[in-house]
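Descriptive analysis of the structure
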Amino acid sequence: MSMPKILTHVSLKGIVQEKSNYRECLVMSKFEYTMGKELDLKAEQAKTLEKPTIKPKGFLIFLVWVMDLIYGKERTLPKFKVIETLARYPYWAWENCSYHRITKTYTSTKPADKKINELSLRHIEFGREAQDNEQWHLMLIEDIMRQKGIKMGWLKGSLIPFLMACGYYFLTRAMYYIRPQWSFAMNAAFESHAEHQYMLIVSEHPEWENESVDTDYFQYYPRQKSLADLLRRIGLDERDHMFTSLEEYEALTGKSYL
Ligand SMILES: [Fe+2]
Ligand SMILES: [Fe+2]
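Residues numbered from 1 in each chain as written. Chains lettered and ligands numbered in written order. Predicted model: local features only at pLDDT ≥ 70, side-chain atom pairs only at ≥ 80, totals over all residues.

1. Topic: the overall build of the protein chain
Threshold: The way it works is that DSSP assigns letters per residue, a run of H or I at least four long becomes a helix, a run of E at least two long becomes a strand, and they are numbered from the N terminus. Residues with at least 20 neighbouring C-beta atoms inside 10 Å of their own are called buried, those with 12 or fewer are called exposed, and the rest are partly exposed, where every C-beta is derived from the backbone. Contact definition: two residues whose C-beta atoms, as placed from backbone geometry, lie within 7 Å.
Scanning the protein chain from N- to C-terminus turns up 10 helices and zero strands. Starting at the N terminus and ending at the C terminus, the protein chain contains elements arranged as α-α-α-α-α-α-α-α-α-α. The buried share among the 258 residues of the protein chain stands at 36%. Counting contacts in the protein chain only where the partners sit at least 6 residues apart, residues at least 24 apart contribute 81% of the total.

2. Points about the packing of helix 8 (residues 154-178) against helix 9 (residues 180-204)
When two helices pack together, their arrangement is given by the angle between the helix axes and the distance between those axes. The line we're drawing: For helices, the fitted line uses only the C-alpha atoms of the stretch in contact; every axis is such a line through C-alpha atoms, and the angle between N-to-C directions lies from 0 to 180 degrees. By the definition adopted for this analysis, an angle is roughly parallel if under 35 degrees, roughly antiparallel if over 145, roughly perpendicular if from 65 to 115, and oblique otherwise. Note on residue classes: Ala, Val, Leu, Ile, Met, Phe, Trp, Tyr, Cys and Pro are nonpolar, Asp, Glu, Lys and Arg are charged, and everything else, Gly too, is polar.
Taken N-terminus to C-terminus, the directions of helix 8 and helix 9 make an angle of 130°; their axes are 5 Å apart at the nearest point. Between helix 8 and helix 9, the interaxial angle falls into the category oblique. Here Thr172, Met175 and Tyr176 of helix 8 come into contact with helix 9, specifically with Pro180, Trp182, Ser183 and Met186. For the contact of helix 8 with helix 9, the class distribution of residues is five nonpolar, two polar and no charged.

3. Quick word on helix 4 (residues 59-71)
To be explicit about the condition: By this rule the span expected of a helix is its residue count minus one, scaled by 1.5 Å.
Spanning 13 residues, helix 4 covers 18 Å between terminal C-alpha atoms, matching the ideal 18 Å at 1.5 Å per step. One or two residues past the end of helix 4 sits glycine 72, with phi positive at roughly 85°.

4. Quick look at the packing of helix 3 (residues 41-50) against helix 9
Quick note on the threshold: Note: crossing handedness is left-handed where the near helix turns anticlockwise from the far helix by less than a right angle, and right-handed where it turns clockwise.
Relative to each other, helix 3 and helix 9 sit at 120°, their axes nearing to 9 Å. With respect to helix 9, the element helix 3 is oriented oblique. Crossing geometry of helix 3 relative to helix 9 is assigned as left-handed. Contacts from Gln45, Thr48 and Leu49 of helix 3 reach helix 9 at Glu195, His196, Met199 and Val202. In terms of residue class, the contact of helix 3 with helix 9 is made up of three nonpolar, three polar and one charged.

5. Points about the nonpolar core
One broad rule of soluble globular proteins: the nonpolar side chains tend to lie buried together. The condition is simple: The nonpolar core is taken to be a set of buried Ala, Val, Leu, Ile, Met, Phe, Trp, Tyr and Cys residues joined by way of C-beta atoms within 7 Å.
In this structure, Ala188 and Leu231 are the most contacted members of the largest nonpolar core, which totals 42 residues. Those elements giving two or more residues to this core turn out to be helix 5 (77-87), helix 6 (89-106), helix 7 (114-148), helix 8, helix 9 and helix 10 (227-253). By residue number, the principal contributor to this core is helix 10, which donates 11 residues. With sequence-adjacent residues up to four places away left out, alanine 188 is seen in contact with Ile54, Met242, Ser245, Leu246, Tyr249 and Tyr257.

6. A word on the confidence of the model for the protein chain
So the rule is basically this: Scored from 0 to 100, pLDDT records how confident the predictor is in each individual residue.
In the predicted model, the protein chain carries a mean pLDDT of 91, and 89% of its residues have values of at least 70. Low pLDDT, under 50, characterises residues 1-11; the stretch is placed with 17 contacts to residues that sit more than four places away or in other chains.

7. Here we look at helix 6
With 18 residues, helix 6 extends 26 Å from end C-alpha to end C-alpha; this agrees with the ideal 26 Å at 1.5 Å per step. Taken together, the buried positions of helix 6 are occupied by Tyr89, Pro90, Tyr91, Ala93, Trp94, Glu95, Cys97, Ser98 and Arg101.

8. Concerning the environment of leucine 230
Looking at the element boundaries, leucine 230 is found in helix 10. Leucine 230 sits in the buried class, given 26 other C-beta atoms within 10 Å. A C-alpha to C-alpha distance of 9.9 Å links leucine 230 and glutamate 209, two positions 21 residues apart in sequence. In this structure, leucine 230 is in contact with Leu140, Val213 and Gln224, ignoring residues within four places of it in sequence.

9. Considerations on the environment of histidine 137
By secondary structure assignment, the location of histidine 137 is in helix 7. The spacing of histidine 137 and glutamate 84 is 53 residues in sequence and 6.6 Å in space, taken between C-alpha atoms. Excluding residues that lie within four positions of it along the chain, histidine 137 makes contacts with Glu84, Ala87, Ile234 and Asp237.

Written out as structure tokens, the structure is:
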């Protein structure tokens, strides 16, 4: 697939702010990332619930409405499974489209632009990392549902998530191609919503505080003592994803999204 004219290194030139690589960004960031830190998960949950979510706009309002209509307003594990099915698509788009941009750059007669290359490398690196993280969320939630004997029918468990994933696949790619900042803004709001939903479902299920959790997927993901702590930790991952989206929005536009 060739890169549409809209997002070439030429069109990005001049709007990309000077920024470090992904690892340096995490260290130097104004945001308090939680990954890899020993934290009081209950205190972090309280912090989330004290703050408002980023207001969804446009397509995201529609997505939340559709999810509530089909899966109900109540927070349930099946609903989270569907959210996690969709969650990795923007990261995949950022990674994949950045590879296209590199191909375009290095098949051009013009010299490569270092700033644009750094942007591509950063989007590839955190796109990969966040995709894996979202994938583990999906696998963890599904395994917990299986252990609890929670099943979803063909319509709500297979067909609808498949159709939503197809739509989200094309939408996230189109947004990143046309105006990458749209994609980062939408994802920040998506992740902010997800973070709050995880912290809320934990507060609605006090019995999960004493429910131990075990799954084969702890070979990929930090082991937690209880189901409540596992869902809090996932909620914090969503917060970190929101931070990276906000940082990239700022790097592209030169202004804060919030
Ligand atoms: Fe997730
Ligand atoms: Fe996320």
